[in-house]
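# Coordinate inspection notes
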Amino acid sequence: MNRKGITSIILTVLGIIFWNCSGDTKQFVPDVSDIDIDSKLIRFDQLLAELDTNNLQAEIGELQKIYPEFTQLFFSEVLPFVGDTEEEFYSNLRGYLSDERINNLQDTVALVFENFEENIWAELKEAMKYMKYYFIDFVAPNIYTFTSEYTFQKFIFEDENRDGLGIGLDMFLGPSYNYKAIDPKNPAFSEYLTRTFSKEYIPKMFVEILINDRLGRAPGSRLLDHMIHNGKQLYLLQKMLPKTPDSILFEYSAAQTEWVKENELEMWAFFFDQELFYESNTIKINKYLNPSPNSPGMPPKAPGRTANYMGLQIVKAYMKRHPNTTIQDLINLKDSQMIMDKSRYKPRQK
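Nothing here was measured: the structure is a model prediction, and the numbers come from that model.

## Topic: the nonpolar core
Counting residues in each nonpolar core, the largest one holds 83 residues, and the members touching the most others are Phe 113, Leu 124, Ile 202, Leu 223, Met 240 and Phe 271. Residues within four places of Phe 271 in sequence aside, it is in contact with Leu 223, Met 227, Leu 276, Phe 277, Tyr 288, Met 298, Thr 306, Ala 307 and Met 310.

Shown next as structure tokens:
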């Protein structure tokens, strides 16, 4: 894919068949143990922290030689140190690397992610195996970890002959890290968002960006269009991360996950009674689709993005009634009304 910069900020093998519980019903989980994944992990955060400030020009030149695309992208868009002159660039970079606050952040990242290769990297490689199983044309991306002073969480870019994915580790430091103190007035550091700034969410965020790259945008502006589109995303996430709890995939707390599963009928009735399915006013439908502390008009325990959960149930019902539909077929289906009608979805009652 032709990418000149950051695209998103912000995937038939014979095997043993087994089943795994994910969501409301058991789902087929293929054996992917024999699938080989050709992907590199580049700990750019460590490489940057280890730079010799007395020999920056030579060491940056070496990084540019080995990782040309990411190095250029990092210093031009992630941390834009580019000045009017080369001397100014190196002066800015030297000051950054010598800053005590930055050194403390790098130390925290190193401590939180000291076992990244053994734990998270293993999960990412397994997720890529599922991507390869379901998408024969899938080429595993190279993974670059970095810190950006809480600016970028993830992005996808063109990395030589494949995609590259950048993961901002300083955006996954865990619930004990005081993100609110960084900028108390910044809504990006609201509690309902920062509760997911934890390392167990990295595989979900990683797979999500790969899935979104294949799904593209919703085929329309109505709530129904976004509901089905986001339902597809959640359905694919469950396929690529079959061992991951739904609470992680939905970005809900355990209590919120339980609430939506127990209140399908009530949520369905609400969207129907309020005539929201065909509503395209962004202000009216935004909190039912995007991160939000609540879903307006629903009980206080209802989290945001309830429409996405309902979309998942519709997609699952459709796939159950049309078992010959492949994952790629599902992606290609753009008629949201047809999917809902042919799913013959009936909300589960308590």
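## Structural notes on the environment of Met 240
You can see Met 240 is positioned in helix α9 (residues 223–240). Owing to a relative accessible area of 1%, Met 240 belongs among the buried residues under this scheme. On a C-alpha basis, the gap between Met 240 and Ile 37 in space is 14 Å, while along the polypeptide they are 203 residues apart.

## Things to note about the packing of aromatic side chains
Counted under the stated rule, the structure contains 33 aromatic pairs. Between the aromatic rings of Phe 70 and Phe 157, the centroid separation amounts to 5.7 Å while the plane-to-plane angle is 50°, which identifies the pairing as tilted. In this pair, Phe 70 sits in helix α3 (residues 68–78) while Phe 157 sits in strand β5 (residues 154–159), placing the two residues 87 residues apart along the sequence. Relative to Tyr 288, the ring of Phe 270 lies with its centre 5.9 Å away and its plane at 55°, an arrangement referred to as tilted. Placement of Phe 270 in helix α12 (residues 264–273) and of Tyr 288 in helix α13 (residues 282–289) is noted, with a sequence separation of 18 residues between them. A residue is classified by how much of its surface remains accessible, and Phe 270, at 14% relative accessible area, is buried. Arg 43 extends its terminal NZ or CZ atom over the ring of Phe 116, reaching a point 5.2 Å from the ring centre.

## Some details on the pattern of salt bridges
Tallied over the entire structure, the rule returns 13 salt bridges. Between Asp 38 and Arg 162 there is a salt bridge, and its shortest N-O distance comes to 3.0 Å. Within this pair, whereas Asp 38 is found in the loop between β2 (25–30) and β3 (41–43), its partner Arg 162 is found in strand β6 (residues 162–168), the two being separated by 124 residues in sequence. By relative accessible area, Arg 162 is classed as buried at 15%. Arg 305 is the salt-bridge partner of Glu 251, the closest N and O atoms lying 3.7 Å from each other. Remark: Arg 305 occurs in the loop between α13 and α14 (306–321) and Glu 251 occurs in the loop between α10 (246–250) and α11 (254–262); sequence separation between them is 54 residues. We classify Arg 305 as buried; its relative accessible area is 15%. Where salt bridges share partners, they join Lys 154, Lys 204, Glu 208, Glu 251 and Arg 305 into one cluster.

## Re the packing of helix α6 (residues 120–134) against helix α8 (residues 202–215)
Between two packed helices, both the angle of their axes relative to each other and the distance between the axes serve to describe the pair. Running from N to C, α6 and α8 point in directions that differ by 30°, and their axes come no closer than 9 Å. The orientation of α6 relative to α8 falls into the category roughly parallel. Relative to α8, α6 is oriented so that their crossing is right-handed. Judged by residue contacts, Ile 120, Glu 123, Leu 124, Ala 127, Met 128 and Met 131 of α6 engage Ile 202, Pro 203, Phe 206, Val 207, Leu 210 and Arg 214 from α8. Along the lines of polarity and charge, the residues of the contact of α6 with α8 split into ten nonpolar, no polar and two charged.

## What to know about the pairing of β5
Most of β5 sits out of view: five of its six residues are buried. Sheet topology note: the β5/β6 ladder contains six bridges and is antiparallel. Within the sheet, the bridge partner assigned to Lys 154 lies in β6 and is Ile 167. Here β5 folds back onto β6 in antiparallel fashion, the turn holding two residues, of which Glu 160 has a positive phi close to 60°.

Cut-offs and rules
Residues numbered from 1 in each chain as written. Predicted model: local features only at pLDDT ≥ 70, side-chain atom pairs only at ≥ 80, totals over all residues. Heavy atoms only, no water. Core = buried A, V, L, I, M, F, W, Y, C linked by side-chain atoms within 4.5 Å. Buried < 20%, exposed > 50% of the residue type's maximum accessible area, 1.4 Å probe, protein only. Contact = heavy atoms within 4.5 Å. Helix = DSSP H or I, 4+ residues; strand = E, 2+ residues; numbered from the N terminus. Phe/Tyr/Trp six-rings, centres within 6.5 Å; stacked < 30°, edge-to-face > 60°. Lys NZ or Arg CZ within 6 Å of the ring centre and 35° of its normal. Salt bridge = Lys/Arg side-chain N within 4 Å of Asp/Glu carboxyl O. Axes fitted to C-alpha atoms, helices over the stretch in contact; angles between N-to-C directions. Parallel < 35°, antiparallel > 145°, perpendicular 65-115°, else oblique. Left-handed = near helix turned anticlockwise from the far one by under 90°. Nonpolar A, V, L, I, M, F, W, Y, C, P; charged D, E, K, R; others polar. Pairing = 2+ DSSP bridges.

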